Amino acid sequence: MSTIDLKIDHALVVTVDENDTIIYDGCVCVHNGIICAVGTSEECAEYNAEMLIDAQGNLIMPGLINGHTHAGMSIYRGMADDLPLQEWLQEHIFPTEAEFATRENVVTGTKLSILEMISSGTTCFADMYYFEDSVAQVCDEMGMRAVLAQAVIDYPAPDFKTPTETLTFLDTIIPTYTKHPRVKVIPGPHSPYTCSPELLADCRALANKHDVPLHIHVAETQDEYNLCIEQHDKTPIENLSDSGLLEGKTIAAHCVYMSEHDRDIFVKNNVGIVNNAQSNMKLVSGVAPVPLMREVNLNVAMGTDSVVSNNSLDMFQEMKAAALIHKLHNADATVLPAQDVVKMATIEAARVLGIDNQVGSLEVGKQADMILININKPHLMPLYNVYSQIVYAIQGGDVDSVFIDGECLYQNKLFTRFDALDIMVDAQIIANKILVHKKA
């Protein structure tokens, strides 16, 4: 008999593989962080394991992937809600960041976000913020998988005074993480309206030099869309295409305002899109045409955006909200069925981030990023359709255990690598200082 590191037996296994395989009384076997067998309990009976978990019929599925967020901003959660976008930004977020977006605070905010993500079933996130070298170290220490976009903007930032300094830093740090098993660093030009055409071109050249994607906000609001039409007689996506920014791997966040031609441009350039339904609702940015994107076979992921514009990093909440808002917006109850939504939070998200050869499904040869969910609860009974249960009924708090690279980072609702209370206390201390500052 073969001896392996981990065996999770007698589970309801949702693989999200190309055949949408679901295995009742299933088993997942892991060795050296890699999935070495997926099948029925009987088929996997030959394996002995150092760590054996009897799932008792509970659900195991790929870890969820948060395709777009700003992890360091979790220290501002709930600081300024229920305000118009420009007032929210200009009078609250930007002034507070100018004072409190320090390296130490971004580290604390990132740690808090990782706690929330892991405990609610997210095993990988795509970030865009400052001090991403420190964020990368935090992810490495905490065992998290991440694609980290160092923010690049055309004015002084909390970490670098000029965009040239930021690009020089990126040119050095990207190769440092090229071979890291879980963490990648990439350029993150904030948006077409905060970066000059020259800076965007430099970001594209840098990403292509290192063969990594770049991550950018695109066509998020009606004002942005209208301004681009007024200034360039082009949509934001047409403008980016004509400037050459899309000639390489690209992760485009939001994309709320897209024409048919815009979608054709994205198809031609194989651009990955991240829908942020709850953030777009809260800030009244609009509803992205996700069903139309998927009709032309664009890869669409889901993201929470920051907790400042969402208040939660729970991807189960995000899946449900996205499924419902697109049905309502399209007046069509068949739009975005639950099975498609699950794919958008797993394998499609992995494709958007360019890591689908590693994660996003439970298949032999992939990294063992997976979550075990307790479905023996009143609000999850009875069970007819597992995809419907995942999207419409399961909550982040139902996650029992979380594995990244085969390591159990969260077991029976307890963190195994770090002290969660210390991190939460540190975050509240920062919030107390912000409150005092705002009252002064």
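Residues numbered from 1 in each chain as written. Predicted model: local features only at pLDDT ≥ 70, side-chain atom pairs only at ≥ 80, totals over all residues. Heavy atoms only, no water.

Caption draft 1: Summary view of the overall build of the protein. A tally of helices and strands in the protein yields 15 helices and 17 strands. Whereas a compact globule of 440 residues would reach a radius of gyration of roughly 22 Å, the protein reaches 21 Å, a difference of no more than 12%. On the principal axes, the C-alpha backbone points of the protein span a range of 65 × 45 × 40 Å. Expressed as a percentage of its 440 residues, the buried residues of the protein come to 59%. Partitioning the contacts of the protein with sequence separation of at least 6, the portion at a separation of at least 24 is 71%. For the protein, the accessible area works out to roughly 17700 Å², and carbon and sulfur atoms hold 51% of it. (Helix = DSSP H or I, 4+ residues; strand = E, 2+ residues; numbered from the N terminus. Rg over C-alpha atoms; globule rule 2.2 N^0.38 Å. Buried < 20%, exposed > 50% of the residue type's maximum accessible area, 1.4 Å probe, protein only. Contact = heavy atoms within 4.5 Å. Areas by Shrake-Rupley, 256 points an atom, 1.4 Å probe, with all protein chains shown as cover.)

Caption draft 2: Structural detail: the packing of helix H1 (residues 85-100) against helix H15 (residues 420-439). Where H1 meets H15, the closest approach of the two axes is 11 Å, and the angle between their N-to-C directions is 115°. Seen from above, H1 lies across H15 with right-handed handedness. Contact residues: H1 offers His 92, Thr 96, Glu 99 and Phe 100, while H15 offers Lys 433, Ile 434, His 437 and Lys 438. When its residues are assigned to classes, the contact of H1 with H15 shows two nonpolar, three polar and three charged. (Axes fitted to C-alpha atoms, helices over the stretch in contact; angles between N-to-C directions. Left-handed = near helix turned anticlockwise from the far one by under 90°. Nonpolar A, V, L, I, M, F, W, Y, C, P; charged D, E, K, R; others polar.)

Caption draft 3: Structural detail: the packing of aromatic side chains. With the rule as written, the count across this model stands at five aromatic pairs. Measuring from centroid to centroid gives 5.0 Å for Phe 160 and Phe 169, while their planes differ by 40°, and the two rings are tilted. Each member of the pair, Phe 160 together with Phe 169, is buried. For the pair Phe 415 and Phe 418, a centre-to-centre distance of 5.3 Å together with 40° between the ring planes defines the contact as tilted. (Phe/Tyr/Trp six-rings, centres within 6.5 Å; stacked < 30°, edge-to-face > 60°.)

Caption draft 4: Highlighting the sheet that holds strand E13 (residues 300-302). Taken in spatial order, the four strands of this open sheet run E10-E11-E12-E13, and their pairing is parallel. Looking along the sheet, the strands with just one partner apiece sit at the ends: strand E10 (214-218) and E13. Across the sheet, the mean angle from the axis of one strand to that of its neighbour is 30°, orientation sign disregarded. Where strand E11 (residues 250-254) and strand E12 (residues 272-275) come together, three bridges link them in parallel fashion. Its bridge partner being in E12, Ile 251 is matched across the sheet by Gly 272. Lying over the sheet, helix H11 (residues 315-330) contacts E12 and E13, oriented at roughly 125° with respect to E13. (Pairing = 2+ DSSP bridges.)

Caption draft 5: How the structure looks around the pattern of salt bridges. Using the criterion set out here, one finds 16 salt bridges in the structure. One salt bridge in this structure joins Arg 294 and Asp 340, with 3.4 Å as the shortest N-O distance. One end of the pair, Arg 294, is in helix H10 (residues 290-295); the other, Asp 340, is in helix H12 (residues 338-344), and 46 residues separate them in sequence. The exposure class of Asp 340 is partly exposed, given its relative accessible area of 22%. Across the pair Lys 366 and Glu 363 runs a salt bridge, and its minimum N-O distance is 3.6 Å. The exposure class of Lys 366 is buried, given its relative accessible area of 9%. (Salt bridge = Lys/Arg side-chain N within 4 Å of Asp/Glu carboxyl O.)

Caption draft 6: Spatial organisation of the sheet that holds strand E8 (residues 145-152). On the basis of which strands lie adjacent, the open sheet formed by four strands has the order E6-E7-E8-E9 and parallel pairing. This sheet does not close on itself; its edge strands, each paired only once, are strand E6 (64-69) and strand E9 (183-189). On average, each strand axis in the sheet is tilted by 15° relative to the strand beside it, whichever way the strands run. Sheet analysis places E8 next to E9, joined by seven bridges and oriented parallel. If you follow Ala 149 over to E9, its bridge partner there is Ile 186. H11 contacts E6 and strand E7 (122-129) of the sheet and is inclined by roughly 80° relative to E6.

Geometry only, nothing functional implied.
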